[in-house]
Amino acid sequence: MSEQIYYDIECEINGEKIKKQVPSNITLLNFLREYLKLTGTKEGCGKGECGACTVIMNGKAVNSCLVPITQVNKAKILTIEGLSNDEQLHPIQEAYIKAGAVQCGFCTPGFIMSTKALLDEKPEPTREDIKKYLAGNLCRCTGYEKIFEAVELAAKSLKKK
Amino acid sequence: MNSVGKSYIKKDAITKVRGIEKYIEDYFFDNMVYAKIIRSPVARMLIKKIDYSKAEKIEGFSGYADYRDVPVNKVALVFEDWPCFPEKYANYYGEGIAIIAAENYEIAERCAKEVKIIYEELEPLLDPRKSVESKIKIFNKDNIFKSFNIEKGDVEKAFQEADLIVEGEFETHHQEHSYIETQGCIALPQPDNSITIYASAQCPFYVQKSVALCLNIPLNKVRIIQTAIGGAFGGKEDVPSVVCCQAAVLAMKIKRPVKLIYKREEDIISMSKRHPSITRIKYAVKKDGKIIGCEVDFLLNGGAYSSLSPIVLWRGTVHAAGPYNIPNVKIVSKAVATNTVPCGAYRGFGQPQSCFSAESLIDEIAQKLNITPYEIRKINGLKVGDTTATSHYLDHSVGYLDTLDAVVNKTNYLTKLKEYKEINKQSKRIKKCIGLSSMYYGVGLGAGGRYLARAGAYIQVTPDASVILAVGNTDMGQGAKTVLAQIAAEALGCNYDDINILDVDTALVPDSGPTVASRTTVMSGNAIIEAAKSIRKNIDAVAMDLLNISNANDLINKDGYFLNKNNESKKVSFKEVVKECWNRRLHLTSQGWYVSPECTFSADKGQGDAYFIYSYASYIVDFDLDIETGIMKFNEITCAVDFGKAINPQLCEGQIQGGNIQGLGWAVYEELKYKDGKILNPNFTDYIIPGTMDIPEKMNVILIEKEYNKGPYGAKGLGECPLIGIAPAIRNALFNCVNIKINKLPLTPEKVLKEIKEKKNEEEKNE
Amino acid sequence: MDIKIEKVNTIKEAVKLHFTSKEKNVFYLAGGTDLMVQAKDNLITPALFIDISEIKELKQIKKEKNNLFIGSLVTHSEIENNKLCQKYFPALVQSASEVGATQIKNRGTIGGNVANASPAADTLSPLYAYNALVILYNHQGKEKKVPINEFVIGPKKTNLKKGEIIKGFLLPIDTSLKSAFKKVGPRKLLTISKVHCALAVIVKKEKFEYVSIAIGSVGPTIIRAKKAEEYLIGKEANNVNINEAAKIATSEIKPIDDIRSEAEYRKDLTYSMVKDLLLEVCK
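Scope of this entry: the structure provided in the associated data block. (Residues numbered from 1 in each chain as written. Chains lettered and ligands numbered in written order. Predicted model: local features only at pLDDT ≥ 70, side-chain atom pairs only at ≥ 80, totals over all residues. Heavy atoms only, no water.)

## Looking at the overall build of chain B
- Looking only at helices and strands, chain B has 19 helices and 28 strands in total.
- Since a compact globule built from 767 residues should have a radius of gyration of about 27 Å, the 27 Å found for chain B is in line with a globular shape.
- The buried share among the 767 residues of chain B stands at 67%.
- Accessible surface for chain B amounts to roughly 26,200 Å². Of this, 48% is attributable to carbon and sulfur atoms.
- Computing the positive centroid from 95 side-chain charges and the negative centroid from 95, chain B places the two 1 Å apart. (Helix = DSSP H or I, 4+ residues; strand = E, 2+ residues; numbered from the N terminus. Rg over C-alpha atoms; globule rule 2.2 N^0.38 Å. Buried < 20%, exposed > 50% of the residue type's maximum accessible area, 1.4 Å probe, protein only. Areas by Shrake-Rupley, 256 points an atom, 1.4 Å probe, with all protein chains shown as cover. Lys, Arg positive; Asp, Glu negative; His and termini not counted. Charge placed at Lys NZ, Arg CZ, Asp CG, Glu CD.)

## Remarks on the overall build of chain C
- A count of helices and strands for chain C gives twelve helices and 14 strands.
- Compactness check: chain C gives a C-alpha radius of gyration of 19 Å against a globular reference of 19 Å for 283 residues, within 12% of the reference.
- If you line up chain C on its principal axes, its C-alpha atoms span 60 × 45 × 30 Å.
- Taking all 283 residues of chain C together, the buried fraction comes to 61%.
- Intrachain contacts of chain C at a sequence separation of at least 6 include 61% that bridge at least 24 residues.
- As displayed, chain C offers around 11,500 Å² of accessible surface, 49% of which is attributable to carbon and sulfur atoms.
- Here chain C carries 44 positive and 32 negative side-chain charges, and the mean point of each set is 3 Å from the other. (Contact = heavy atoms within 4.5 Å.)

## Things to note about the packing of aromatic side chains
All names here are of chain B.
- All chains considered together, the criterion is met by 26 aromatic pairs over all chains.
- Here Trp 314 and Phe 601 contribute two aromatic rings whose centre-to-centre distance is 5.3 Å and whose plane-to-plane angle is 85°, an arrangement assigned as edge-to-face. With Trp 314 in helix H8 (residues 309-318) and Phe 601 in the loop between strand S23 (589-595) and strand S24 (614-626), this pair connects stretches of sequence that are 287 residues apart. Residues Trp 314 and Phe 601 agree in their burial class; the two are buried.
- A ring pair is formed by Tyr 611 and Tyr 614, whose centres lie 5.9 Å apart and whose planes are at 70°; its orientation type is edge-to-face. Tyr 614 carries the same exposure label as Tyr 611, and that label is buried.
- Here the basic side chain of Arg 315 rests over the ring of Tyr 441, its NZ or CZ set 4.0 Å away from the ring centre. (Phe/Tyr/Trp six-rings, centres within 6.5 Å; stacked < 30°, edge-to-face > 60°. Lys NZ or Arg CZ within 6 Å of the ring centre and 35° of its normal.)

## Quick word on the sheet that holds strand S8 (residues 164-172) of chain B
All names here are of chain B.
- Ordered in space as S7-S15-S14-S13-S8, the five strands form an open sheet in which the pairing is mixed. One side of each edge strand has no neighbouring strand; the edge strands of this open sheet are strand S7 (144-152) and S8. Averaged over all neighbouring strand pairs, the angle between strand axes comes to 5°, with direction disregarded. (Pairing = 2+ DSSP bridges. Axes fitted to C-alpha atoms, helices over the stretch in contact; angles between N-to-C directions.)

## Overview of the sheet that holds S23 of chain B
All names here are of chain B.
- Taken together, four strands build an open sheet; the order of strands is S19-S18-S17-S23 and the sheet is mixed. Edge positions in the open sheet fall to strand S19 (499-501) and S23, since each of these has one partner strand only. Pairs of neighbouring strands in the sheet enclose a mean axial angle of 20°, with direction left out of account.
- Bridge count between strand S18 (residues 467-471) and S19: three bridges; the pairing is parallel. Bridging across to S19, Val 467 finds its partner in Ile 499.
- Contacts from helix H13 (residues 480-492) reach strand S17 (454-461), S18 and S19, with the element oriented near 140° to S19.

## Let's talk about the interface of chain C and chain B
- Between chain C and chain B, the residue contacts involve 20 residues of the former and 23 residues of the latter.
- Carbon and sulfur atoms supply 47% of the area buried between chain C and chain B, which totals about 2,000 Å² over both sides.
- When the buried surface of chain C facing chain B is broken down by residue, Arg 187, Ile 259 and Tyr 265 of chain C rank first, second and third, together holding 33% of it.
- Along the contact surface separating chain C from chain B lie seven salt bridges.
- A salt bridge links Lys 194 of chain C to Glu 750 of chain B, with the shortest nitrogen-to-oxygen separation between them at 3.0 Å.
- Scanning the region where chain C abuts chain B turns up 15 residue pairs in polar contact (both at pLDDT 80 or more).
- Counting residues per element, the side of chain C that touches chain B draws most heavily on helix H12 (residues 263-282) of chain C, which supplies seven residues.
- Its residues assigned to classes, the side of chain C that touches chain B shows seven nonpolar, three polar and ten charged. (Buried area = accessible area lost by both parts, 1.4 Å probe. Salt bridge = Lys/Arg side-chain N within 4 Å of Asp/Glu carboxyl O. Polar contact = N/O pair within 3.5 Å; in protein donor to acceptor, adjacent residues only side chain to side chain. Nonpolar A, V, L, I, M, F, W, Y, C, P; charged D, E, K, R; others polar.)

## Focus: the interface of chain A and chain B
- Taken together, the contact between chain A and chain B spans 48 residues of the former and 51 residues of the latter.
- A combined buried area of about 4,200 Å² lies between chain A and chain B, and 56% of that area is made up of carbon and sulfur atoms.
- On the surface where chain A and chain B come into contact, there are eight salt bridges.
- Residue Glu 653 of chain B pairs with Lys 146 of chain A through a salt bridge whose shortest N-O separation is 2.7 Å.
- Summed over the shared surface of chain A and chain B, the result is 28 residue pairs in polar contact (both at pLDDT 80 or more).
- For the side of chain A that touches chain B, the elements supplying multiple residues, two or more each, are helix H1 (28-35), helix H2 (91-98), helix H3 (108-121), helix H4 (127-133) and helix H5 (145-160) of chain A.
- With four residues, H2 of chain A is the single largest residue contributor to the side of chain A that touches chain B.

## Brief notes about the nonpolar core
- The biggest cluster of nonpolar side chains holds 274 residues, and the ones touching the most others in it are Tyr 96 of chain A together with Ile 195, Tyr 283 and Ile 730 of chain B.
- Counting the residues that make up this core, at least three belong to each of domain 1 (6-79) and domain 2 (91-160) of chain A.
- In terms of nonpolar packing, the next biggest core, distinct from the first, is built from 38 residues, Ala 96, Val 114, Ala 121 and Val 134 of chain C among them. (Core = buried A, V, L, I, M, F, W, Y, C linked by side-chain atoms within 4.5 Å. Domains from an automatic or database assignment.)

## Points about empty space enclosed by the protein
All names here are of chain B.
- Summed over the entire model, instances satisfying the criterion amount to 13 cavities of 30 Å³ or more.
- Its volume calculated, the largest cavity comes out at about 720 Å³.
- Taken together, 47 residues form the lining of the largest cavity, with Gln 478, Ser 518, Gln 655, Gly 719 and Glu 720 sitting closest to its centre.
- Breaking the lining of the largest cavity down by element, the ones donating at least two residues are H8, H13, helix H14 (520-547) and helix H16 (649-669).
- Here the lining of the largest cavity is built from residues that sort into 23 nonpolar, 17 polar and seven charged. (1 Å grid on protein atoms, 1.4 Å probe; cavity = no way out; pocket = protein on both sides within 12 Å on 5 of 7 lines; lining within 4 Å. Points joined across faces, edges and corners; volume = space filled by probe spheres on them.)

## Points about the side chain of Glu 364 of chain B
Residues and elements named next belong to chain B.
- Mapped onto the elements of the fold, Glu 364 is located in helix H9 (residues 351-369).
- Its relative accessible area of 3% is what places Glu 364 among the buried residues.
- Beyond its immediate stretch of four places on either side in the chain, Glu 364 contacts Val 166, Arg 731, Phe 735 and Lys 741.

## Points about the pattern of salt bridges
- Scanning the entire structure with this criterion turns up 75 salt bridges over all chains.
- With a closest N to O distance of 2.9 Å, Arg 584 of chain B and Glu 580 of chain B form a salt bridge.

## Considering the side chain of His 173 of chain B
- Relative to the elements of secondary structure, His 173 of chain B occurs in the loop between S8 and strand S9 (184-189).
- The class for His 173 of chain B is buried, based on a relative accessible area of 11%.

## Overview of the environment of Cys 203 of chain B
- As for its position among the elements, Cys 203 of chain B is in the loop between strand S10 (195-199) and helix H5 (204-215).
- Placed 313 residues apart in sequence, Cys 203 of chain B and Val 516 of chain B show a C-alpha to C-alpha distance of 8.2 Å.

## Observations regarding unusual backbone geometry
- The residue after Leu 745 of chain B, namely Pro 746 of chain B, is reached through a cis peptide bond having omega -5°.
- Mapping Pro 746 of chain B onto the fold places it in the loop between helix H18 (726-738) and helix H19 (749-766).
- Each neighbour pair has its own omega, and for Thr 45 of chain C with Pro 46 of chain C the value is 0°, a cis peptide bond.
- Tracing the backbone through its elements, the reader meets Pro 46 of chain C in the loop between helix H2 (35-40) and strand S3 (47-51).
- Not every positive phi belongs to a glycine, and Asn 216 of chain B is a case in point at roughly 60°.
- With respect to the helices and strands, Asn 216 of chain B occurs in the loop between H5 and strand S11 (222-226).
- We classify Asn 216 of chain B as exposed; its relative accessible area is 58%.

## Points about the packing of H19 of chain B against H12 of chain C
- Contact pair H19 of chain B / H12 of chain C: the axes reach a minimum separation of 10 Å and the direction vectors enclose 75°. Classified by the angle their axes make, H19 of chain B and H12 of chain C are roughly perpendicular. Here Pro 749, Glu 750, Leu 753, Lys 754 and Lys 757 of chain B of H19 of chain B lie close against H12 of chain C, whose contacting residues are Glu 264, Tyr 265 and Asp 268 of chain C.
- Of the residues belonging to the contact of H19 of chain B with H12 of chain C, the class tally is three nonpolar, no polar and five charged. (Parallel < 35°, antiparallel > 145°, perpendicular 65-115°, else oblique.)

## A closer look at the packing of H9 of chain B against H18 of chain B
Residue and element names in this part refer to chain B.
- One can describe the packing of H9 onto H18 by two numbers: an axis separation of 8 Å at closest approach and a directional angle of 25°. Judged by the angle between their axes, H9 and H18 are roughly parallel. In terms of crossing hand, the pair formed by H9 and H18 is right-handed. Note on element contacts: H18 touches H9 through Ala 727, Pro 728, Arg 731, Asn 732, Phe 735 and Asn 736, opposite Cys 355, Phe 356, Glu 359, Ser 360, Asp 363, Glu 364 and Gln 367.
- For the contact of H9 with H18, the class distribution of residues is five nonpolar, four polar and four charged. (Left-handed = near helix turned anticlockwise from the far one by under 90°.)

Structure, rendered in structure tokens:
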């Protein structure tokens, strides 16, 4: 392979403006984890088949393991780290805790980001809506039941606010 | 109870939902290199040479290791046949042959591609039925990893006296754990020739033992620290020893931290699986429904190395006759070697395999006797006063019939069975199906692992009354940290929030055995209670003093406060009492060591108290079958488990739902496909685990508590129970409601449709 | 990954680079949901990816007289939510809604799905059923329209020449057309199909005036069940022997055993799906 090409990227991640020079053939997931040390977004399969790497890019839930860095330029990205700070959890995060939807937790950031994207689009989803929307996220621990309950709880909680 | 029985929020919930919990992949160390394993491209080969010359020239290459660099080339598991790096023969497709490292992962990938293995491909042994006679010797002279024999009563006589004999042969397949976090570790060599390894490992003490053996250094120079585990289910019981030994060897060689994280494909290809099985089983039955004899021949395909086959075989064998009071039993079993992926632990550990056979045949007995599957189990199901296949007398805590009645009542099973049969007569395309199964589960390692049947705990009550708790068993998502903290809080008399439980570190607590066999609540729980005793003695004495109580019976503890039971207005907090204890320089730190009751299993006839206690479960699966496509639409799974005591009910529900769905995956969706011993679908694209749309509409979970008198607050074990009986429940639904018998898993639409068509052809022939 | 990515901003730049590049493997990179996976698996590397993701004119959906133009960069999510697609091409909408799952749909494009040309590409069967045209633009500035079944020529093979790019697709609008799509895979979503099928019919005066049955994952490319279509044309929609039509359609497919399923099962599945689809459109 020929010499490494670099790429100047400017984007916004969790509200912060980021400017960096990186190899042009890395993925958004690499960028988040290795270059920005935002390790909340996980690699479960690297092929877009499990959703553990889900982030919200320009308002849409995407598998960051498949997004080439060249398409992140000027993008607005929200990762799990951007949902809360040391003081307060996001209602979706609180709902996941309350509903008992977190076991090993490895799929959890991906599910929470997908949930955020869902509730942004459909604030009052039916159970069927939830199942379809979250179908791109795999969980091996919970059997999904408590995850659905968490999403419903989050929807209720967000409605109150 | 103050803390026990409450659905507290998990100790690790907040860090996990925030994405700040650290899994092994999230750790970075100075001077660290990134490793990649070089793997065998065929199922069996003779290694001639490993050529690193091209790889070494790549800029960023940091080193390599193979069999020449391993002081003692054995990974300690039950036996020691699995080498750290094979020297002569590679025995399965994907076996790790060497390890290379580079400054970053991309370079490591490129270097790995340039490493050449010069080998001679050999004919592999792939069929477990041919293992014993085969000329290809993988293990000893006969390829038998282990065999067992159970003889109770006189089974030949039973078959002579039987009114009815029912038999069948059943086959089950691999299951891949599909933990969402793959295997990984970071090995950090220390200046004094010791090593610290961070690992996603269920059993840090197993890893410690194997690394010490491999590197030929004493145990006190090997420190294993467990990182947050992203799912395990048994898949991180044995193989982390291989992963860590490989990383450790390289780390010691190049004297740099080595980060070894598996990619998904190589994880599926090379890491251990659930054993495939072939079971022949026969029951002798009287016309009143009493089962008087059972004979089983149970074969497990152990793959290329023995790993945990001896104990998986043992558990599957002990439970093979089913949860029934049968006076005459004969079970012979063996685990054999083949040139396929080594098999090890997977939730259920040999029982899903034997349960599929026994429970399927039980329904066939019921049909032949013209009674319901419920009745046959009611007649024969284990209760207090019965004995198991190993003649273990059950004296208490037997909730089998409670679980059976619970699921049958919840689903209205008997009525539905009749209704569905009627509906199906009219319905041309969609058939309603409902199926029942059950099981019993010996908690802990039992007689098969008696020398490991002990666990430690460490409690330190600090001057500000916050508590440090350390145990030897790991949280892998199932909630061990939470449950054990609740037990500690209960035992100490403080609040759940006062407890900080540390990740498992082999330097903190003595070897507590593995986190397996649904043993953690009992073993670590009891170790904690043991540790708390001496601390509590001091605390109670000081509390009595502060409250002016002279009679110990008057002292009670409620929600972190100590009170006089006769005058509850006066109370003193745990914190106040602890402060005073420290003022008086009393010792508030302690170690606990719990040794579970002795288990026995005679070498000749397999008789004895195989486990110290059993949990029980029953399952009902309800689905609609489209007979044009063989596709099942799942409506409901109902599962009742007697596991003694729900320390944290919400976590228990989560375990049951999760286990049910893994059982569903194994029964219907998941299948590894092979050609010449090579796995063809090592990815989530084509290894299908259930997704959000594939689970039943409704999941009913019933917690039954038949307290174990030696369990921590009555608890037994839960984690594996929910998976074990799902497959036979589905098979029984097909048998009872559509009259098709499929004895080979998985029950894919392809298989189901084939059976339906064959049956239709036969019916048309007979008309 | 052994790839070089070069971003272009216009369609002219894209085709020029495609034409002039000396690299062994050259691909247009849109959402990356196919290409990035193949690159990671080393199936297509070393490669040049021409990143066309920002070319605005490829992202439109607009009505052009009696046709709907769908740009090649339109994502499956966008198709799923587009009112014009929902109104005129419900089979395409249904297929787009079942490509992978949410995250894939948000990135994957119809152009990418067609260019990858897998027989299991879910949007292909509706495109065949609707007789879609592929609009190609080349480095000489010329545009041409190719019927979809002439553009896709084999499993993962299209007729795309050097210096050409898929600009989009033209789907003829006929308000009397009724259509539906069905997909069956090992899982309900996030799955590759065992069989997928799109059906479009026009019923005039209670008789089938037009029928197209397009079946995927049962041959090297999408198969139009022409004999079944002929069987149905002219017959009374309420009175036709659906089983017979489905049987004929099944005889026209060429399924194989593969990692996902078996040939025999695919035949049974096709039979069932065509029947169900006919019932659905005839309601």
